Amino acid sequence: MSEARNKGIIIIVSGPSASGKGTVVSRALAKADDARIDVQLSISMTTRGIGKGEKEGETYFYVSKEEFEKNIARSNLAEYNSYAGEYYGTPKDKLEEWLNSGSSVILEIDVNGAKQVLRQYPDAVTVYILPPSFQELEYRLRSRGRDSEEKIKYRLAKGRDEIPEAHWYDYILVNEIIEESADDLLCIIRAELNSRRHIEYKIDEVLATYGEEEKND
Ligand code: 5GP
């Protein structure tokens, strides 16, 4: 039987660079209140310095290397990795606090992070954001105007290597229209909250009320 008991669910969202996953997630979060879905974005822990306009506990939890390594040692990371010599990871204590409060949590992480999380949270729901085509991906990378020619080629090749991993994700969203993908993401969350594996415990809770009808009158 499920142990969900009014807890939220973990939704892992992955996709290649410029697939639009960040925008899809932020649009879904902006629409979640109206859709009456309690969902939030996970806040990662990092050893990198706090950037301009960033806020402790909002953009990241900023910690020292020693502190991060202590978190690794006490298995407090659902997943972690290092980029440019700095650690980044998903703190388990925070994640579980949010889930226990009934909020579902979106983790925007790469395929490698997704595999790490699934080892510890096998019920996590996985969603892969696919660009409609490589032509579209290239167009989006170019119009961001952020990357050199070499970087664009690198990101496209990385996408080609990574996209086959979408085969083992639970859901695939082909991101043509951001608003539609954001709506679809919320639909997935709603459906998963009503899935048997998540809500089966309710059957016994309802059955336990049998014979108590009059008391409630
Ligand atoms: P930035 O320093 O630009 O905020 O992030 C650098 C990289 O770290 C980005 O590629 C970002 O996706 C990745 N990152 C941010 N948070 C996490 C996390 O919790 N886990 C992992 N594995 N990567 C993260």
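The coordinates are above.
From a predicted model like this one, the values you see are computed outputs, not experimental measurements.

Engineer: Quick question: what am I supposed to make of the environment of Q120 here?
Structural biologist: By secondary structure assignment, the location of Q120 is in helix α4 (residues 111–120). Q120 gets classed as partly exposed once you look at its relative accessible area, which sits at 34%. Sequence-wise, Q120 and L77 are 43 residues apart; in three dimensions their C-alpha atoms are separated by 9.8 Å. Excluding residues that lie within four positions of it along the chain, Q120 makes contacts with L77, A78, E79 and K92.

Engineer: What am I meant to see in the packing of aromatic side chains here?
Structural biologist: Working definition: an aromatic ring pair is given by the centre-to-centre distance plus the angle between the planes. As enumerated under the stated definition, the model contains eight aromatic pairs in all. Note on Y60 and Y62: the rings are 5.9 Å apart at their centroids and 70° apart in plane angle, and the pair reads as edge-to-face. Across the pair, exposure class does not vary: Y60 and Y62 are buried alike. Chaining the aromatic ring pairs together yields one cluster made of Y60, Y62, Y83 and Y88.

Engineer: Can you walk me through the pattern of salt bridges in this structure?
Structural biologist: Note on pairing: side chains with opposite charge can pair once their charged atoms come close. Following the criterion strictly, the structure yields 15 salt bridges and no others. Across the salt bridge formed by K31 and D183, the nearest N and O atoms sit 2.8 Å from each other. Of this pair, K31 sits in helix α1 (residues 21–32) while D183 sits in helix α7 (residues 178–193), placing them 152 residues apart in sequence. Residue D147 pairs with R155 through a salt bridge whose shortest N-O separation is 2.9 Å. Judged by relative accessible area, which is 24%, R155 ranks as partly exposed.

Calculation notes
- Residue numbers run consecutively from 1 along every chain, following the written order of its sequence.
- Local features in a predicted model are, by the rule used here, given only for residues with pLDDT of at least 70; side-chain atom pairs are given and counted only at 80 or more, and totals for whole chains, interfaces and linings are based on all residues.
- Heavy atoms from the whole structure form the basis of all side-chain values; hydrogens and water molecules are not counted.
- Only runs of H or I of at least four residues qualify as helices and only runs of E of at least two qualify as strands under DSSP, and these elements are numbered from the N terminus.
- Think of it in three bands: with a 1.4 Å probe and only protein chains considered, a residue is buried below 20% of the maximum accessible area for its type, exposed above 50%, and partly exposed in between.
- Throughout, a contact is declared for two residues whenever any of their heavy atoms are within 4.5 Å.
- Stacked, tilted and edge-to-face pairs are distinguished by plane angle, under 30 degrees for stacked and over 60 for edge-to-face with tilted covering the rest, among Phe, Tyr and Trp rings (Trp via its six-membered ring) whose centres lie within 6.5 Å.
- Between Lys or Arg on one side and Asp or Glu on the other, a salt bridge is scored when a side-chain nitrogen of the former is within 4 Å of a carboxyl oxygen of the latter.

Function cannot be read off these values alone, since they describe shape.
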